[in-house]
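Descriptive analysis of the structure
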Amino acid sequence: MVKNNIQQFCFPASVPEALRLMAKLKAKAVVVAGGTRHTRSIAPQVETVVDISDLPLKFIKADRSGLRIGALCTISDLEKSPLLAGWAGGVIAQTAGLSSNALARGMGTVGGNVCRAHPYNHMPPVFLALDAAAVYSEGGREKSVPFARLLEPGFMRELGHRCLLTELRVPAATKSWSGATARFALTPSQWESTAHCVAALDLQGGTVRRAALAAAALLPRAARLPKAEAALTGKPVSEETAWAASKAAVFELEELTGRAAAKAYACEVAGVLLRRTILEACHG
Amino acid sequence: MAKKSGRGTLTAEKGELEIRVEINGRPRCLRVAPGEYLLDALRREGYKGVKKGCDNGDCGTCTVLLDGKPVLSCMMFAAQAHGRKVTTIEGLGTPSQPHPIQQAFVEAGAVQCGFCIPGMVLATKALLDENPDPDEAAVRRALDGNLCRCTGYVKQVEAALLAARKLQGGKQP
């Protein structure tokens, strides 16, 4: 048994009820959804576990504004969703399928995966590439921020016990995009990747109208690669343009990693992965 | 007014929580330490088929079904099972009347030391409940969180496919 000071478990049935508990208990409370790694790292000041698994935040649906994914969907739900299989070339479902193993995918939630924003977590780069928005509830009001804000250091800490991530929204325009994802790790089920890349492309008549490329694992947090995106945008789909974009990505990643020698190999790997994902997104 | 939770709040008294949980179809009331993991609580209550392996969510030997879904019992607090249904390997069959999945594992020769088998069998049950006719890839994917250090997984995959046929009344592939 891991030493901790837990005295109470609460099972709120609604988001307002969960927020009231969090606001009242502040740092003495911790929110647990799927569990996975979180239950093994409870801070010593925590006295109450707020188990939010009963909240009605388990949905995957589409409306006029786009795709809506409830924060309590498991990674496995994303992997198996027919709706996600047909969205942006199935890149969200594909990314979910790369994550860890069947048991962890069945327990871990998408909300936990993106809120923890660990560099190795698999879902942040795909939502970053698809220009998603993070929707959270605070003080009885629903607020939305670009997904990239969620990954900024301190953003979740600043909001702390006042808010709860409720869903992720992906713009409707991305439905017809093409997408692909690839990661490189010691074994397929190993959580820690050397590099993980996502390409989401808006293609029109053999030309890349818009490119969204993201990398993760080798950086402290997932990041978009605007220079590599510029190397693709407006260009015809070809091996050459994919090469040019991957070279730009390696240069960009080397800058982002401070040209650290320890990251040089990971940057090269990311370049290869990115070229593959671009070609896969273009040609299926 | 906000809807009240069906599971409410559990507060420790004298360092213990009282949880109500249905284990293998029987309603049980367990006294657990607040920080106790489901794995440890189940083993203490006599469900020794739930194996303690890595204790870190990596090996899958502690797999149980929570409301029919496979979970790592070392990664969740016992209190999180309050108001829910847990199935352990003891709830599947008996030595004299094994479950068809257990029988398939025996017939396929999928058991060596046996330590990983309860988790494998339960993960297989969850798969076959959802997909009664899986192909080999689906079986391998469903069992990829259950590690076995004795075999090369071939026999266990064969066992899961055999179990699927048994549960479908002996239908041949």
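Keep in mind that what you see is a predicted model, and the values were worked out from it rather than measured.

Of regular secondary structure, chain A possesses 12 helices and 12 strands. Rg of the C-alpha trace for chain A: 19 Å, near the compact-globule value of 19 Å for 284 residues, within the 12% margin. Each principal axis of the C-alpha distribution contributes one length, and for chain A these read about 60 × 45 × 30 Å. With 284 residues in all, chain A has 55% of them scored as buried. Summed over all atoms, the accessible surface of chain A reaches about 11,800 Å², with 55% contributed by carbon and sulfur. One way to put it: in chain A the 33 positive side-chain charges average out to a point 4 Å from where the 23 negative ones average out.

As a further point, take the overall build of chain B. When its secondary structure is counted, chain B shows 5 helices and 6 strands. Taken from the N to the C terminus, the helices and strands of chain B come in the order β-β-β-α-β-β-β-α-α-α-α. Over its C-alpha trace chain B gives a radius of gyration of 17 Å, about what one expects of a compact globule, namely 16 Å for 173 residues. The dimensions of chain B, computed from C-alpha atoms along their principal axes, are 55 × 35 × 30 Å. Burial statistics for chain B: of 173 residues in total, 49% are counted as buried. Partitioning the intrachain contacts of chain B with sequence separation of at least 6 by distance along the chain shows that 54% fall at a separation of at least 24. Taking the average place of the 24 positive charges on the side chains of chain B and the average place of its 19 negative ones, the gap between the two points comes to 3 Å.

The next subject is the packing of aromatic side chains. Describing an aromatic ring pair means giving the distance of the ring centres and the angle of the ring planes. Taken as a whole and assessed by the stated rule, the structure comprises 4 aromatic pairs over all chains. Judged by centre distance (5.7 Å) and plane angle (70°), the ring pair of Phe 9 of chain A and Phe 77 of chain B falls under edge-to-face. Here Phe 9 of chain A is found in strand S1 (residues 8-10), whereas its partner Phe 77 of chain B is found in the loop between strand S5 (69-72) and strand S6 (85-87) on a different chain. Each member of the pair, Phe 9 of chain A together with Phe 77 of chain B, is buried. Taken together, the aromatic side chains of Phe 9 of chain A together with Tyr 37 and Phe 77 of chain B make up a single cluster linked through ring pairs. Geometry around Phe 59 of chain A places Lys 61 of chain A over its ring, the cationic atom sitting 4.7 Å from the centre.

Turning to the interface of chain A and chain B, a few remarks are in order. On the side of chain B, 40 residues touch chain A, which itself brings 37 residues to the contact. Taken over both partners, the interface formed by chain A and chain B buries close to 3,000 Å², and the fraction arising from carbon and sulfur atoms is 52%. Seen at the junction of chain A and chain B, the total is 5 salt bridges. Between Asp 144 of chain B and Arg 105 of chain A there is a salt bridge, with its nearest N and O atoms 3.5 Å apart. Linking chain A with chain B are 12 residue pairs in polar contact (both at pLDDT 80 or more).

So, on to helix H4 (residues 91-98) of chain A. Residue and element names in this part refer to chain A. Within H4, 6 of the 8 residues are buried, which leaves it mostly tucked inside the rest of the structure. Here H4 has its buried residues at Val 91, Ile 92, Ala 93, Thr 95, Ala 96 and Gly 97. Downstream of H4 by one or two residues, Ser 100 has phi in the positive range, about 45°.

The subject of this paragraph is the domain arrangement of chain B. Residue and element names in this part refer to chain B. Per the domain assignment, the segments of chain B are domain 1 (17-91) and domain 2 (100-167). The gap between the C-alpha centroids of domain 1 and domain 2 is 21 Å. The interface of domain 1 with domain 2 comprises 17 residues on the first partner and 13 residues on the second. The junction of domain 1 with domain 2 conceals about 1,100 Å² of combined surface from both sides, 68% of it contributed by carbon and sulfur atoms. Run the count over domain 1 and domain 2 and you get 1 salt bridge. Residues Glu 130 and Lys 69 are paired through a salt bridge, measuring 4.0 Å at the closest nitrogen-oxygen approach. One can count 3 residue pairs in polar contact (both at pLDDT 80 or more) joining domain 1 with domain 2.

The next thing to look at is the layout of surface pockets. Put simply, the second largest pocket is a space of about 950 Å³. Contributing elements (two or more residues each) for the lining of the second largest pocket: helix H2 (75-80) and helix H5 (102-107) of chain A together with S5, helix H3 (117-130) and helix H4 (136-142) of chain B. Tallied by class, residues from the lining of the second largest pocket come to 14 nonpolar, 9 polar and 13 charged.

Taken domain by domain, chain A consists of domain 1 (8-51), domain 2 (60-173) and domain 3 (177-283). Placing a centre on the C-alpha atoms of domain 1 of chain A and another on those of domain 3 of chain A gives a separation of 37 Å.

What follows deals with the sheet that holds strand S12 (residues 223-224) of chain A. Residues and elements named next belong to chain A. Read from one edge to the other, the open sheet built from 4 strands follows the order S9-S10-S11-S12, with strand pairing classed as antiparallel. Among the strands making up the open sheet, the edge pair consists of strand S9 (178-184) and S12. The strands that H4 touches are S9 and strand S10 (195-204); relative to S9, the one it contacts most, it runs at about 15°. Against the sheet, helix H12 (residues 264-283) engages S9, S10 and strand S11 (207-216), with an angle of about 30° to S10.

Before going further, it helps to spend a moment on the sheet that holds strand S2 (residues 17-23) of chain B. Strand pairing in a sheet relies on backbone hydrogen bonds, with the paired strands running either antiparallel or parallel. Residue and element names in this part refer to chain B. Sheet architecture is open: 5 strands sit in the order S3-S2-S6-S4-S5, paired in mixed fashion. Each of the sheet's edge strands pairs with one partner strand only, and the pair in question is strand S3 (26-32) and S5. The mean inter-strand angle of the sheet, taken between neighbouring strand axes irrespective of direction, is 40°. Two strands pair when backbone bridges link them, and strand S4 (residues 63-66) and S5 are joined in this way by 4 bridges, in the antiparallel orientation. Paired with Leu 66 across the bridge in S5 is Lys 69. Sheet strands touched by H3: S4, S5 and S6. Its angle to S4, the strand with the most contacts, is close to 35°.

Turning our eyes to something else, we now look at the packing of helix H11 (residues 239-256) of chain A against H12 of chain A. Residues and elements named next belong to chain A. Put simply, H11 and H12 touch, their axes get as near as 8 Å, and they point 150° apart. H11 and H12 meet at a crossing whose hand is right-handed. On H12, the residues that touch Glu 239, Ala 242, Trp 243, Ala 245, Ser 246, Ala 249, Val 250, Leu 253 and Glu 254 of H11 are Cys 267, Glu 268, Ala 270, Gly 271, Leu 274, Arg 275, Ile 278 and Leu 279.

The rules behind each value
Residues numbered from 1 in each chain as written. Chains lettered and ligands numbered in written order. Predicted model: local features only at pLDDT ≥ 70, side-chain atom pairs only at ≥ 80, totals over all residues. Heavy atoms only, no water. Helix = DSSP H or I, 4+ residues; strand = E, 2+ residues; numbered from the N terminus. Rg over C-alpha atoms; globule rule 2.2 N^0.38 Å. Buried < 20%, exposed > 50% of the residue type's maximum accessible area, 1.4 Å probe, protein only. Areas by Shrake-Rupley, 256 points an atom, 1.4 Å probe, with all protein chains shown as cover. Lys, Arg positive; Asp, Glu negative; His and termini not counted. Charge placed at Lys NZ, Arg CZ, Asp CG, Glu CD. Contact = heavy atoms within 4.5 Å. Phe/Tyr/Trp six-rings, centres within 6.5 Å; stacked < 30°, edge-to-face > 60°. Lys NZ or Arg CZ within 6 Å of the ring centre and 35° of its normal. Buried area = accessible area lost by both parts, 1.4 Å probe. Salt bridge = Lys/Arg side-chain N within 4 Å of Asp/Glu carboxyl O. Polar contact = N/O pair within 3.5 Å; in protein donor to acceptor, adjacent residues only side chain to side chain. Domains from an automatic or database assignment. 1 Å grid on protein atoms, 1.4 Å probe; cavity = no way out; pocket = protein on both sides within 12 Å on 5 of 7 lines; lining within 4 Å. Points joined across faces, edges and corners; volume = space filled by probe spheres on them. Nonpolar A, V, L, I, M, F, W, Y, C, P; charged D, E, K, R; others polar. Pairing = 2+ DSSP bridges. Axes fitted to C-alpha atoms, helices over the stretch in contact; angles between N-to-C directions. Left-handed = near helix turned anticlockwise from the far one by under 90°.

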